[in-house]
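Structure at a glance
Given next are the chains, with one letter for each unit.
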Amino acid sequence: MTVTSALRHLLNSSSVARIVGAHSPLSARLAAEAGFEAIWASGLEISALAGVPDANILSMSQSLQAAADIANAVDVPVLADCDSGFGSVNNVIDMVHRYEKAGIAGVCIEDKQYPKLNSFVEGNQDLAPLHDFVAKIIAATHARQDPDFIIVARIEALISGAGLDEALRRADAYTEAGADALLIHSKKSSPDEIYAFRDRYSGKAPLIVVPTTYNTVTAAELEERGFSAVIYANHAMRGSIVAMQRVLEQIIDDGTTRNVEDQIAPLSRVFELQGMGEMLSKQAHFEKLADAQLAQ
Ligand code: SPV
Ligand code: MG
């Protein structure tokens, strides 16, 4: 099965797909190992890794390189966060060509202006005109070569304060434009507005949610309500920040690394995650083949 058809299958099956944010091949490998069915190449995480705000400071090429490196490291499909499409309709076309060629299973674009600002930051969360974003979705569906390559349309109407009716109007327009799935985003501490959207959306596109603020919801509850996927967008990164900070402070405080040994992965685990064993066995294998050939 290709990664594109795998992601399509995950989004269209009746169970909720558990997708998790990653910013690096290493974090993506940990996610796949933990059992997540797909990876979200998160703009927030990839920007944070680079030490810059999540506001289109990174270029399309930098975002693509990060997502491509992630896709190269795991077998599970990667859904790439492509912000508002890095510009106009023509940026979206170029973006789809490049992301598809890089082995990424799908892209998600959101209906905000370029440059976008992270949805949880106070500031310009203005929506793109409906017409402009519908054109981007249609363009994206025309640009893909593989019909299974996934185009997710992300609705920011609830984030921008435009309300539920506007979110539904956009959901219908994006569904008709050919989006393979809709991501309905919310920054509320309760899932009520997401549930209200679910109840009123009568279209057929699979629905994806990102319960960063309404964090008491469970995957089982979302599945029961008919959502197709949940994205835990940034949790591994936030966990790693706390873990790194704790270890670093302890080394400074203690003047030795002795006391952090029980909080850090052994080097053997690092070797395992970077494929050291596999590399050494390939080396031995091909040297043996060379020996066999030269002995003839
Ligand atoms: C991301 O992970 O970059 C996202 C999700 O787009 S959010 O940060 O909630 O906007
Ligand atoms: Mg993002």
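Higher on the page you've got the structure.
Here we summarise the structure given alongside this text. All values derive from a computational prediction rather than experimental measurement. (Residues numbered from 1 in each chain as written. Chains lettered and ligands numbered in written order. Predicted model: local features only at pLDDT ≥ 70, side-chain atom pairs only at ≥ 80, totals over all residues. Heavy atoms only, no water.)

With that settled, consider the environment of valine 3. Summarising the element assignment, valine 3 is placed in helix α1 (residues 3–12). Each C-alpha atom of the pair valine 3 and alanine 71 lies 9.4 Å from the other, and the pair is 68 residues apart in sequence. Leave out the neighbours within four places in its chain, and valine 3 touches Asp75, Val76, Pro77, Gly103 and Ala105. (Helix = DSSP H or I, 4+ residues; strand = E, 2+ residues; numbered from the N terminus. Contact = heavy atoms within 4.5 Å.)

Tallying each qualifying case throughout the model produces four aromatic pairs. Ring centres 6.2 Å apart and planes at 35° place the aromatic pair tyrosine 195 and phenylalanine 227 in the tilted group. Of the two residues, tyrosine 195 is situated in helix α9 (residues 192–200) and phenylalanine 227 in the loop between α10 (219–224) and β8 (229–232); the sequence distance between them amounts to 32 residues. Looking at phenylalanine 227, the relative accessible area reads 2%, which means it is buried. (Phe/Tyr/Trp six-rings, centres within 6.5 Å; stacked < 30°, edge-to-face > 60°. Buried < 20%, exposed > 50% of the residue type's maximum accessible area, 1.4 Å probe, protein only.)

This part covers the site of ligand 1. Surveying the vicinity of ligand 1 reveals the residues Trp40, Ser42, Gly43, Leu44, Asp54, Asp81, Asn118, Ser119, Phe120, Arg154, His185 and Ala233. At 2.7 Å, a side-chain N or O of serine 42 approaches an oxygen atom of ligand 1. In the environment of ligand 1, an oxygen atom lies 2.7 Å from a nitrogen or oxygen atom belonging to the backbone of leucine 44. Classifying every residue of the shell around ligand 1 by side-chain character gives four nonpolar, five polar and three charged. (Near = heavy atom within 4 Å. Polar contact = N/O pair within 3.5 Å; in protein donor to acceptor, adjacent residues only side chain to side chain. Nonpolar A, V, L, I, M, F, W, Y, C, P; charged D, E, K, R; others polar.)

Moving on, we come to the environment of glutamine 250. The residue glutamine 250 is located in helix α11 (residues 235–254) in this model. By relative accessible area, which is 23% here, glutamine 250 ends up partly exposed. Residues glutamine 250 and valine 260 lie ten residues apart in sequence; the distance between their C-alpha atoms is 7.1 Å. In this structure glutamine 250 touches Gly255, Thr256, Asn259, Val260 and Gln263, once residues within four positions along its chain are discounted.

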